[in-house]
Amino acid sequence: MAKVKRSPWLLHYDGSSCNGCDIEVLAALTPVYDAERFGVMNTGDPMQADIFMITGGINTQNAEVVKQLYDQMPRPKVVVAVGVCACTGGVFKDCYNILGGADSVIPVDIYVPGCAARPQAIIDGVVKAVELFQQRSDEHDKLVKQGGRPDAAKDAVKEDKEVSNG
Amino acid sequence: MNQTIAVICYIILAPIIGGLLEGLDRKVSARMQRRVGPPLLQPFYDVIKLMKKQVIVVSPAQTFALISYFALMLLTGSMFFAGMDILLCFFVMSTAATFLYFAAVISSSPYATVGANRELIQMMAYEPAVLLSCVGFYLIEGTFNVGEIAFSKTTDIIYLPGFFVAFVFILTIKMRKSPFDTSTSHHMHQEIVKGLTTEMGAQNLAIFQVTEWYENVFLMGVIGLFIMNGTTTNIIIAVVVILLTYFLEILIDNTSARMKTDMMLKLSWGVTLFSAGVNLLVLMLVR
Ligand code: SF4
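These notes cover the structure that comes with them. (Residues numbered from 1 in each chain as written. Chains lettered and ligands numbered in written order. Predicted model: local features only at pLDDT ≥ 70, side-chain atom pairs only at ≥ 80, totals over all residues. Heavy atoms only, no water.)

### Side note on the site of the ligand
Around the ligand, the neighbouring residues are A:Ser17, A:Cys18, A:Gly20, A:Cys21, A:Gly83, A:Val84, A:Cys85, A:Val91, A:Gly114, A:Cys115 and A:Ala116. Among the secondary structure elements, those contributing two or more residues to the shell around the ligand are α1 (20-29) and α3 (84-88) of chain A. (Near = heavy atom within 4 Å. Helix = DSSP H or I, 4+ residues; strand = E, 2+ residues; numbered from the N terminus.)

### Overview of the side chain of B:Asn204
All names here are of chain B. In this fold, Asn204 is placed in helix α9 (residues 202-227). Overall, Asn204 belongs to the buried group, its relative accessible area being 3%. What Asn204 contacts, discounting residues up to four positions off in sequence, is Val57, Gln62, Thr63 and Leu66. (Buried < 20%, exposed > 50% of the residue type's maximum accessible area, 1.4 Å probe, protein only. Contact = heavy atoms within 4.5 Å.)

### Remarks on the sheet that holds strand β5 (residues 78-82) of chain A
Residue and element names in this part refer to chain A. Ordered in space as β2-β1-β3-β5-β7, the five strands form an open sheet in which the pairing is parallel. In this open sheet, the two edge strands, each paired with only one partner strand, are β2 (41-42) and β7 (110-112). Inspection of the sheet shows strand β1 (residues 9-14) paired to strand β3 (residues 51-55) by five bridges, in the parallel sense. Paired with Leu10 across the bridge in β3 is Ile51. Along the sheet face, helix α4 (residues 119-147) touches β3, β5 and β7 and points at about 175° away from the line of β7. (Pairing = 2+ DSSP bridges. Axes fitted to C-alpha atoms, helices over the stretch in contact; angles between N-to-C directions.)

### Re the pattern of salt bridges
Enumeration over the complete set of coordinates arrives at 14 salt bridges over all chains. A salt bridge links A:Glu36 to B:Arg35; the nearest nitrogen and oxygen atoms lie 2.8 Å apart. Residue A:Glu36 is located in the loop between α1 and β2, and its partner B:Arg35 is located in the loop between α1 (2-32) and α2 (42-52); the two belong to separate chains. Each member of the pair, A:Glu36 together with B:Arg35, is buried. Close ionic contact of B:Arg176 with B:Glu212 constitutes a salt bridge, the shortest N to O distance being 2.3 Å. Residue B:Arg176 is found in the loop between α8 (161-174) and α9, and its partner B:Glu212 is found in helix α9; the two are separated by 36 residues along the sequence. Exposure class is identical for B:Arg176 and B:Glu212. Each is buried. (Salt bridge = Lys/Arg side-chain N within 4 Å of Asp/Glu carboxyl O.)

By themselves these figures say nothing about function.
Structure (structure tokens):
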């Protein structure tokens with residue numbers, strides 16, 4: 001049976017980033033680095049995504065959007081925060097509208113530091129995320145086997161389990 | 001008996017062949033962009049992963065519509081490879097496409113709805129060429145029966161070059177390839193996200209994907225029908241022509257930007273009328 005880690009599909013969301021990190025994310029996904037050879041696809045659709053890459057901090061306006069995107073993604077899923085803004089709020093931390101890093105609204109698994117995060121660091125983060133995705137998927141499969149139906153896994157996996165690997 | 005074997009072969013082999021063709025498609029596309037590209041089996045990895053994911057459906061009716069789409073597509077291909085009426089095959093295929101439309105609009109998502117409406121326009125764009133091809137086969141062979149067309153002594157493409165051109169043209173629309181990938185934008189981050197398939201995740205997307213493989217194998221079968229004349233060496237030629245046609249589709253896909261739907265409609269009807277229409281006139285005058 002093929003491993004799910006051979007087919008990680010990405011969803012990239014720009015929070016309130018300065019666009020520095022986004023350009024690095026897109027650079028890492030261009031034909032030059034050819035992420036598709038690892039099965040990575042950049043999809044704009046949360047319902048089809050496995051790995052959620054978020055850049056920039058969370059502000060009062062996008063908090064709901066980020067939560068919604070996260071909820072729309074079917075399990076198993078992994079969240080990667082790219083850049084210090086997404087990790088902690090970064091240089092914008094003290095702004096009146098910034099709530100903090102991505103983990104102020106959704107559980108984040110992998111933190112990629114840097115301002116802007118280097119493409120090497122981003123690729124490194126994605127590699128870690130892919131491993132975690134495989135691990136989650138195995139756990140998910142086990143739960144499905146026990147519960148008999150895929151939805152059962154949803155209730156069984158507790159949110160605190162999500163926030164591992166910090 | 002032969003019919004049963006053909007149908008069983010289609011049901012078992014079509015997803016494998018269709019998946020491999022798509023893998024080849026992605027690989028060749030990557031090479032055209034000077035990349036390494038995903039492994040040949042990548043489409044299978046994708047489908048296996050999709051089957052394993054948690055099922056979130058916007059509306060349970062969507063699953064029903066998608067399964068109907070799948071079943072009708074299976075029926076289309078089975079009827080074709082069993083050598084039944086080609087007109088009937090295409091009618092069942094249109095019904096299948098209608099179920100796909102329902103599967104998309106039922107979610108009431110704006111992206112999916114726009115994609116679904118464009119799918120309807122696509123159907124309008126390709127339907128004339130499809131029906132004219134059937135007429136072409138009838139004029140040459142005197143029958144709509146796929147079995148008789150395939151195993152008769154005439155090589156249809158010699159008499160039907162215009163119909164063939166029109167059919168290959170609409171194949172680009174049917175396979176949802178650029179410049180006509182209006183209903184499901186093939187690549188990420190376009191204005192309608194994923195169009196038709198925006199609200200399909202996990203298993204539903206897997207069903208859609210596998211149905212597309214069945215559909216592609218059926219369409220390639222129709223291409224083969226233009227070549228077939230009942231001899232065995234001819235089958236090899238048919239396979240070569242099919243692969244060349246597929247390569248042409250990949251080439252078009254990678255060298256063109258997408259087009260507006262109204263342009264697509266005008267262009268496809270223009271090509272159909274011009275090439276298939278002229279061919280039809282010539283046939284009727286000469287015969
Ligand atoms: S981490 Fe730096 S480069 Fe990235 S979004 Fe924040 S300010 Fe911009």
